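# Notes for the structure review
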Amino acid sequence: ELIAAVLSRKFHIHYTQGNLNNHIGVPLTLLQLTAEHEMAVVEMGASHPGDIKDLVEIAEPDYGLITNVGMAHLQGFGSLEGVIRTKGEMYDYLRTTPRHTIFLNVDNQHLSAIAEGLEIVAYGQTEGSDICGKFIDCAPYLRFRWRKHESEWHEVTTQLIGSYNIDNALCAVTVGTYFGVSEEEVSKALADYTPTNNRSQLTKTERNTLVVDAYNANPTSMRAAIDNFALMEVPHKMLILGDMKELGDATAAAHQEVVDLLDTHNFCEVWLVGSAFAATRHTQRTFADAEEVKAVLNAERPEHRTILIKGSNSMKLGSLVGLL
């Protein structure tokens, strides 16, 4: 969505809506293209080996971008190495195309290791990248600066929560500048973008301030969200965390690691939702599901808290927002 926001400043584009990123969603996205569209930003998701191979053969992309690799869908992939191999199927396809160009986060060692033989447009927080960015702060919104090659710095205050979102912002900067969107328009697009999809979204209610990141969760994103929440300089921090799904044999260990991480921070209150968290060794308050949380919230509503809501989409934690 950040890439689409930037490219829309110059082009008539179409981009993936919601989570239509699988073997059904990608064709639906492509079928919505018309002769008026100049570019398409097509998201491709994967939960099993071979998924990306199938999707690139359907979409036939001209350029490729892998945003990240993490400990997600391990039940289908088997390991982090399986995740890397599957996402790398995009790179494999692009090697067979005339342009074979990718946008690469050079700070990501996993992605750099599999990018051989491709035309690279580099971004990251490493000096010398085509686009270089530097984190400034996150109080609460991400603020960063970026520059192209050795030109002047541009400072952007986004409406995104989470220091980890600098990588997402920088990839949008890189794609936009590569296709000729002016540097001023790139910065404006990122500053104007408002998340509405339960990803890194700040919501203020009559009683609390909510950091809603309940679109999905895996061990990598959960750790990033918790660590970033710990850095936020706000009082009365509370967390409502839901189970991370599709982890297979890693489920028990992954949830225990999250609980152990919570113990290293001095949070005001933690609510854990789901059977996987309930099975861990912890001293936190637990709930079977979102419905049980709702029943409690109808009787005792937290007030004057900053609350992180994070969990897999199937845990339906986004439905709690209206009660907080």
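See the structure shown above.
In this report, the structure presented in the accompanying data block is examined. (Residues numbered from 1 in each chain as written. Predicted model: local features only at pLDDT ≥ 70, side-chain atom pairs only at ≥ 80, totals over all residues. Heavy atoms only, no water.)

## Structural notes on the sheet that holds strand E12 (residues 269-273)
- Pairing is mixed across the open sheet formed by 6 strands, whose spatial order is E9-E10-E14-E11-E12-E13. Since the sheet does not close on itself, it has two edges, and those belong to strand E9 (201-204) and strand E13 (285-287), each with one partner. Neighbour to neighbour, the strand axes of the sheet diverge by 20° on average, direction disregarded.
- Its contacts with the sheet put helix H10 (residues 219-231) on strand E10 (209-213), strand E11 (237-242) and strand E14 (306-310), and the angle it makes with E11 is roughly 170°. (Pairing = 2+ DSSP bridges. Helix = DSSP H or I, 4+ residues; strand = E, 2+ residues; numbered from the N terminus. Axes fitted to C-alpha atoms, helices over the stretch in contact; angles between N-to-C directions. Contact = heavy atoms within 4.5 Å.)

## Remarks on the sheet that holds strand E7 (residues 141-148)
- Pairing is mixed in the open sheet, where 6 strands are placed in the order E3-E4-E5-E6-E7-E8. Two strands bound the open sheet, and with one partner strand each, they are strand E3 (63-65) and strand E8 (154-161). Averaged over all pairs of adjacent strands, the angle between their axes in this sheet comes to 25°, without regard to strand direction.
- The sheet contact formed by E3 and strand E4 (residues 101-105) spans 3 bridges and is parallel. Bridging across to E4, Gly64 finds its partner in Ile102.
- Contacts from helix H8 (residues 166-178) reach E3, E4, strand E5 (119-124), strand E6 (131-138) and E7 within the one sheet, and its direction differs from that of E6 by about 145°.
- On top of the sheet, helix H9 (residues 183-192) reaches E7 and E8; it is set at about 25° to E8, its chief contact.

## Considering H8
- Here H8 contains 13 residues, and its C-alpha end-to-end distance of 18 Å stays within 8% of the 18 Å for a straight helix at 1.5 Å per residue.
- For H8, the tally of buried residues reaches 10 of 13 residues, placing the bulk of the element in the interior.
- When H8 is considered as a whole, its buried residues turn out to be Ile166, Ala169, Leu170, Cys171, Ala172, Val173, Thr174, Val175, Gly176 and Thr177.
- Once H8 finishes, Gly180 follows within two positions and takes phi at roughly 90°, a positive value. (Expected span 1.5 Å × (residues − 1). Buried < 20%, exposed > 50% of the residue type's maximum accessible area, 1.4 Å probe, protein only.)

## Description of the state of the cysteines
- Under the definition given, this model contains 0 disulfides.
- For the unlinked cysteine Cys132, the closest cysteine sulfur is that of Cys171, found at 15 Å. (Disulfide = S-S within 2.5 Å.)

## Points about the nonpolar core
- Counting 32 residues, the largest nonpolar core has Leu7, Phe144, Trp146 and Leu190 as the members making the most contacts within it.
- For this core, the element with the most residues is H8, which contributes 7 residues.
- Residue contacts for Phe144: discarding those within four places in its chain leaves Lys134, Phe135, Ile136, His154, Glu155, Val156, Thr158, Ile166, Ala169, Leu170 and Leu190.
- Core analysis: the second largest hydrophobic core is formed by 23 residues, Ala225, Met244, Leu261 and Phe267 among them. (Core = buried A, V, L, I, M, F, W, Y, C linked by side-chain atoms within 4.5 Å.)

## Some thoughts on empty space enclosed by the protein
- The final tally for this structure, using the stated rule, is 1 cavity of 30 Å³ or more.
- By volume, the largest cavity is sized at about 40 Å³.
- What lines the largest cavity is Ile161, Tyr164, Ser200, Val211, Asp213, Ala225, Asn228, Phe229, Met232 and Leu308.
- Breaking the lining of the largest cavity down by element, the ones donating at least two residues are E10 and H10.
- For the lining of the largest cavity, the element with the most residues is H10, which contributes 3 residues.
- For the lining of the largest cavity, the class distribution of residues is 7 nonpolar, 2 polar and 1 charged. (1 Å grid on protein atoms, 1.4 Å probe; cavity = no way out; pocket = protein on both sides within 12 Å on 5 of 7 lines; lining within 4 Å. Points joined across faces, edges and corners; volume = space filled by probe spheres on them. Nonpolar A, V, L, I, M, F, W, Y, C, P; charged D, E, K, R; others polar.)

## Digging into the pattern of salt bridges
- Summed over the entire model, instances satisfying the criterion amount to 15 salt bridges.
- Across the salt bridge formed by Glu57 and Lys53, the nearest N and O atoms sit 2.9 Å from each other. Of this pair, Glu57 and Lys53 both sit in helix H3 (residues 51-59), separated by 4 residues, roughly a single helical turn.
- Among the residues examined, Glu57 registers a relative accessible area of 42% and is labelled partly exposed.
- A salt bridge links Glu127 to Lys134; the nearest nitrogen and oxygen atoms lie 4.0 Å apart.
- Judged by its relative accessible area of 44%, Glu127 falls in the partly exposed class. (Salt bridge = Lys/Arg side-chain N within 4 Å of Asp/Glu carboxyl O.)

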